[in-house]
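Close look at the chain arrangement
What follows is each chain in one-letter form.
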Amino acid sequence: MGERRGSLALVHQRGNALKTTPSTYNSAHHTFAVFVACATLIVITAGALVTSNDAGLSVPDWPTSFGYLVKVPNFVGGVRYEWSHRMVAGTLVSLTLAIAIWTLLVEKRRWMRWLAVGAFCTVIAQATLGGLTVLFFQPPWVSTAHATVAQTFFCIAVAIALFTGRNWVEDQPKEDQPGVEFDSRRPSLFTLTLLSIFVLYVQLILGGMFRHHGMSWWPHVLNAGVVSFVLAWTAIRAISVYSNIDAVRRPAIVMLSLLITQLCLGFAAFLTRIAWGQGAAQPELPMVAATVAHVAVGALLLATTVVLAIQVWRNVPVAVAERTPQAQRHVSVA
Amino acid sequence: MNKKTSWMISVSVLALCGLLLTAACTKKEEQPASPAAETAMAPAATPIDPATVATVNGTVKFDGMAPKEAKIDMSQDPACKGMNEAENVVVANGDLANVFVYVKDGLGSRTFDVPKDAVVLDQSGCKYHPHVLGVMTGQTVEIKNDDQTTHNIHPTPKDNREWNESQPPSSAPLEKNFAREEIMLPVKCNQHPWMKMYINVVKSPFYAVTDKNGKYEIKGLPPGDYTIAFVQEKLGEQDQKVTVGPKDTKTVDQSFKAAAE
């Protein structure tokens, strides 16, 4: 059991590296960051609508749409989904540029400024992948990369919203919290959150490859079992051991709830697309609804897991001795 | 603004320029060789004595309960009017339509002239006409749009060049050809996801597509031993061997069973 042990000198909150430079809470900046994160989820949902409706190539040119950058085409059939996705994605690029510049101007934390630049580079890479998937007729790996980078960008947007929030900026984690155990279990909770992110990425890639006709459905379904096990393990550990740390308990509960929802949606997607929808003459509403919801909740699940990992890193105390190399430990003791 | 902030803004602006540059570098379409140039390069056709040619004909049947054709909902485009049903297995009174029948083997090294006449693929009622098409390598396929809506024509070949072009209403027909042999090459419209058809590209003129009565006829075949292939988009391929003598008319019937689900 991870009993509390050691003196204060051995206690360490890993998140200290992220808060060495003090920052001030900027309400407008934070609200805008939350808005960008929400807009990203809308773009991901719009992208899922494009794939589920098999409309990815309904606009054959890129970056123009039927030869124009913004002219509204005949808004019918697959064009509705693809053109709308392009427009909201274009808006997101502008929003990301705005949040990046705003962050560079107001942020004192150097790593936050780099994160903002990283967000902008990611959204540009994402737009480029979107273009490549159109110009090269949706190669499965390019389309899957487009889906994966989309969710990576969503995680970055959510992280920016988290780091600019009042709770993050003003409430520094306490170094000695009564009733909070050191994380001495193996694997540690932080390792479990990283493992959760890893298996979710594998699942995202397998799902993307299946949706884009590059792979059969069974690896995605098989890995769903692995994802369920790892995420349930992580969430239950976080809830049972660190229930008195709000910043850890809340995302863990949300993660567990989203995992259950996602499994139900995955089952619905399997029924409507594979069991009943195989060989359907056209995309049918139940399949579209189930698969789009599965993608959107999948994105929320990944982002929640990233938030949990960050909060565990910041709030769960570990003993310095456990993370210091043996040689340094001897010097320190001497 | 400090020096680091300025530097970060510069990086962001450079990234934006990178995007614009990428956007500008759109993929150039390969220009296929013109049919005339291809004809000029093609070897001379092997002569066939018209006095000895044979005919192979027959009927393709479907064994068992015919699948019910799925109704298609075209409400997402008001310009798509009328009834529409999926055409993946079209059976009437046990006769199977839309089966591509061709001489798969037995022609040896014979070569054939590419017909100068184009084969027409029409888009009407948000449906392809015909659903299954045969064409020779290098032969022109004239693609027309008779609907009051934009379609896009997107073949997804394994062995030929993939392309995807939109065709607005009342626009001039598109003229395309396929350089390599390919059977059941899928063509779809990404704007109307129910629109699907198949083009079969072969090197000889000895092919046919079964009509709604399941009938086909291949004329002008030189005497010899042949393998006739019957290909259906869902039910797969079945082959039969046949020997035809001078001026023969042979009947070669075929039947398909329902595919195991």
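In this text the structure is predicted, and so the values were computed from the model without any measurement. (Residues numbered from 1 in each chain as written. Chains lettered and ligands numbered in written order. Predicted model: local features only at pLDDT ≥ 70, side-chain atom pairs only at ≥ 80, totals over all residues.)

1. Observations regarding the interface of chain A and chain B
- Every contact between the two is made by 32 residues of chain A and, on the other side, 31 residues of chain B.
- At the level of secondary structure, the elements contributing two or more residues to the side of chain A that touches chain B comprise α2 (77-106) and α3 (110-135) of chain A.
- Of all the elements, α3 of chain A adds the most residues to the side of chain A that touches chain B, at 9 residues. (Contact = placed C-beta atoms within 7 Å. Helix = DSSP H or I, 4+ residues; strand = E, 2+ residues; numbered from the N terminus.)

2. Overview of the sheet that holds strand β12 (residues 182-188) of chain B
Residue and element names in this part refer to chain B.
- Strand order in the open sheet formed by 5 strands is β7-β13-β12-β9-β10, and the pairing between neighbours is mixed. Each having just a single partner strand, β7 (132-136) and β10 (165-167) make up the two edges of the open sheet. Along the sheet, successive strands turn relative to each other by an average axial angle of 30°, direction set aside.
- Direction of pairing for β12 relative to strand β13 (residues 196-202): antiparallel, over a ladder of 5 bridges. Each bridged residue has a counterpart across the sheet, and for Lys188 the counterpart in β13 is Lys196. (Pairing = 2+ DSSP bridges. Axes fitted to C-alpha atoms, helices over the stretch in contact; angles between N-to-C directions.)

3. Here's the deal with the domain arrangement of chain B
All names here are of chain B.
- Looking at the assigned domains, one finds that chain B contains domain 1 (46-111 + 204-261) and domain 2 (113-203).
- Counting residues at the interface gives 18 residues for domain 1 and 19 residues for domain 2.
- At the level of secondary structure, the elements contributing two or more residues to the side of domain 1 that touches domain 2 comprise β4 (100-105) and β14 (207-209).
- Here the side of domain 1 that touches domain 2 is built from residues that sort into 10 nonpolar, 4 polar and 4 charged. (Domains from an automatic or database assignment. Nonpolar A, V, L, I, M, F, W, Y, C, P; charged D, E, K, R; others polar.)

4. Topic: the packing of helix α6 (residues 189-211) of chain A against helix α9 (residues 285-315) of chain A
All names here are of chain A.
- Running from N to C, α6 and α9 cross one another at 160°; their axes reach a closest spacing of 9 Å. As far as their axial angle goes, α9 and α6 are roughly antiparallel. Between α6 and α9 the crossing geometry is left-handed. Two secondary-structure elements touch here, α6 through Leu189, Phe190, Thr193, Leu194, Ser196, Ile197, Leu200 and Leu204 and α9 through Gly298, Leu301, Leu302, Thr305, Val306, Leu308, Ala309, Val312 and Trp313.
- When its residues are assigned to classes, the contact of α6 with α9 shows 13 nonpolar, 4 polar and no charged. (Parallel < 35°, antiparallel > 145°, perpendicular 65-115°, else oblique. Left-handed = near helix turned anticlockwise from the far one by under 90°.)

5. Notes on unusual backbone geometry
- For the peptide bond that leads from Trp62 of chain A to Pro63 of chain A, omega is 10°, which places it in the cis range.
- Here Pro63 of chain A is to be found in the loop between α1 (27-52) and α2.
- Between Arg186 of chain A and the following residue, Pro187 of chain A, the backbone shows a cis peptide bond with an omega angle of -5°.
- Tracing the chain through its elements places Pro187 of chain A in the loop between α5 (166-170) and α6.
- Even without being a glycine, Cys126 of chain B presents a positive backbone phi close to 55°.
- In this fold, Cys126 of chain B is placed in the loop between β5 (119-123) and β6 (128-129).
- In this structure, Met184 of chain B is a non-glycine residue whose phi angle is positive, near 55°.
- With respect to the secondary-structure elements, Met184 of chain B resides in strand β12.

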